[in-house]
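Remarks on the overall topology
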Amino acid sequence: MDAADIMRRVKSFTEATTLSDAMPLDLNQLVRDLLDARGTPWADLAAAGTIEVAFEPGDISEVLALPAPLREVLVALILNSVEALPGGGRITLRTWATPEAVYCAVADSGKGLSDEVRHRALEPFFTTKGPRHQGLGLSLAYGIVRRHRGELEIPRGEGQGGVVTFHLPPHRHAGRRA
Ligand SMILES: Nc1ncnc2c1ncn2[C@@H]1O[C@H](COP(=O)(O)OP(=O)(O)OP(=O)(O)O)[C@@H](O)[C@H]1O
Ligand SMILES: [Mg+2]
C-alpha cells in the first residue's frame, strides 16, 4: 500500500513535467481558494480553534504555471506546517514580488527546522516523522517549483518557527528565462 501510494505521488509529479499547458495564474487567488476550501485538515483545525491561518497577500503579477501542481506545492507546505503544530498555533502565508520574481512564504509558529533537518529536508524520503510519512512532500514541491523555473528555499528560522519560501518568474518574464 505504501509503495503504491509513493508511486502515485511520484507519477503525479512526473505528469507535471511539461510547461506547455501552463497558464497565467494569480497566486493570491490560488492561496485563497485553498484556504477557503472546506474539509481540508487546516480548515478543520481552524474551525476547531486549534490553529489560526492567516494570509497576507502582496501586490503580485501573475505567474505562468500549471494550477494543479502549484496547488500541490502549497498543500505540501501547509500540511507540513499543520504537522508542525500538534498543540496548535499559527500558520501565516504571504506573497510579495520583486521585479524578478513572485514570492510566497508559508510560515508557522512550530519549533522550526534544525540546521541538520533543514539541509536534508529536500531529499526524497527524508522524514523525521516516522513510518507513516514518506518524506516526499518537500522534494516533490521542490521539483515542481524548479520545473516552473523557480526556486524553493528553507531559510534559517532564527528561532521563529518553520518557514519555507518559493518564488516563480512573473508571467511577463517567463519566456526570457527559458
Ligand atoms: N514547517 C515545518 N516545521 C518543522 N519541520 C518541517 C517543516 N516542514 C518540513 N519539516 C521537516 O522536513 C522534513 C521533510 O519534509 P517533507 O514534507 O519532505 O516530508 P514529511 O512531511 O516528513 O513526509 P510527507 O510530506 O511525505 O508526508 C519533515 O519530516 C520535517 O522534519
Ligand atoms: Mg510533508
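Above this text you will find the structure in question.
Before going into details, it helps to say that this report is about the structure given with it.

Quick notes on the packing of helix H2 (residues 27–36) against helix H4 (residues 67–83)
- Put simply, H2 and H4 touch, their axes get as near as 11 Å, and they point 60 degrees apart. The orientation of H2 with respect to H4, classified from their angle, is oblique. Along this stretch, H2 crosses H4, giving a crossing that reads as right-handed. In this structure, H2 contributes Leu27, Leu30, Val31, Leu34 and Leu35 to the contact, and H4 contributes Pro67, Leu70, Arg71, Leu74, Val75 and Ile78.

A word on the pattern of salt bridges
- One pass over the structure, following the stated rule, counts eight salt bridges.
- Notably, a salt bridge pairs aspartate 115 with arginine 118, separated by 3.3 Å at the nearest N-O pair. Taken together, the residues aspartate 115 and arginine 118, both in helix H5 (residues 115–120) and three residues apart, mark about one turn of the helix.
- Judged by its relative accessible area of 16%, arginine 118 is buried.
- If you follow the salt bridges from partner to partner, you end up with Asp115, Arg118 and Arg156 in one network.

What about the nonpolar core?
- Leu27, Trp42, Leu70, Leu74, Ile78, Leu93 and Phe166 are the most contacted members of the largest nonpolar core, which has 36 residues in total.
- Elements with a contribution of two residues or more to this core: H2, strand E2 (51–56), strand E3 (63–65), H4, strand E4 (89–97), strand E5 (102–108), helix H6 (137–147) and strand E7 (163–168).
- Residue contributions to this core peak at eight residues, all from H4.

Observations concerning the packing of aromatic side chains
- Following the criterion strictly, the structure yields one aromatic pair and no others.
- Arranged with centres 5.1 Å apart and planes meeting at 10 degrees, the rings of tryptophan 96 and tyrosine 103 form a pair that is stacked.
- For tryptophan 96, a relative accessible area of 34% translates into the label partly exposed.

Re the sheet that holds strand E6 (residues 151–153)
- Here five strands make up an open sheet; going across it, the order is E2-E4-E5-E7-E6 and the pairing mixed. Because the sheet does not close on itself, it has two edges, and the strands there are E2 and E6. On average, adjacent strands in this sheet sit at an angle of 10 degrees to one another, irrespective of strand direction.
- Where E6 and E7 come together, three bridges link them in antiparallel fashion. Within the sheet, the bridge partner assigned to glutamate 151 lies in E7 and is histidine 167.
- The sheet strands contacting H6 are E6 and E7, and the helix crosses E6 at an angle near 150 degrees.

Parameters at a glance
- Residues numbered from 1 in each chain as written.
- Chains lettered and ligands numbered in written order.
- Predicted model: local features only at pLDDT ≥ 70, side-chain atom pairs only at ≥ 80, totals over all residues.
- Heavy atoms only, no water.
- Axes fitted to C-alpha atoms, helices over the stretch in contact; angles between N-to-C directions.
- Helix = DSSP H or I, 4+ residues; strand = E, 2+ residues; numbered from the N terminus.
- Parallel < 35°, antiparallel > 145°, perpendicular 65-115°, else oblique.
- Left-handed = near helix turned anticlockwise from the far one by under 90°.
- Contact = heavy atoms within 4.5 Å.
- Salt bridge = Lys/Arg side-chain N within 4 Å of Asp/Glu carboxyl O.
- Buried < 20%, exposed > 50% of the residue type's maximum accessible area, 1.4 Å probe, protein only.
- Core = buried A, V, L, I, M, F, W, Y, C linked by side-chain atoms within 4.5 Å.
- Phe/Tyr/Trp six-rings, centres within 6.5 Å; stacked < 30°, edge-to-face > 60°.
- Pairing = 2+ DSSP bridges.

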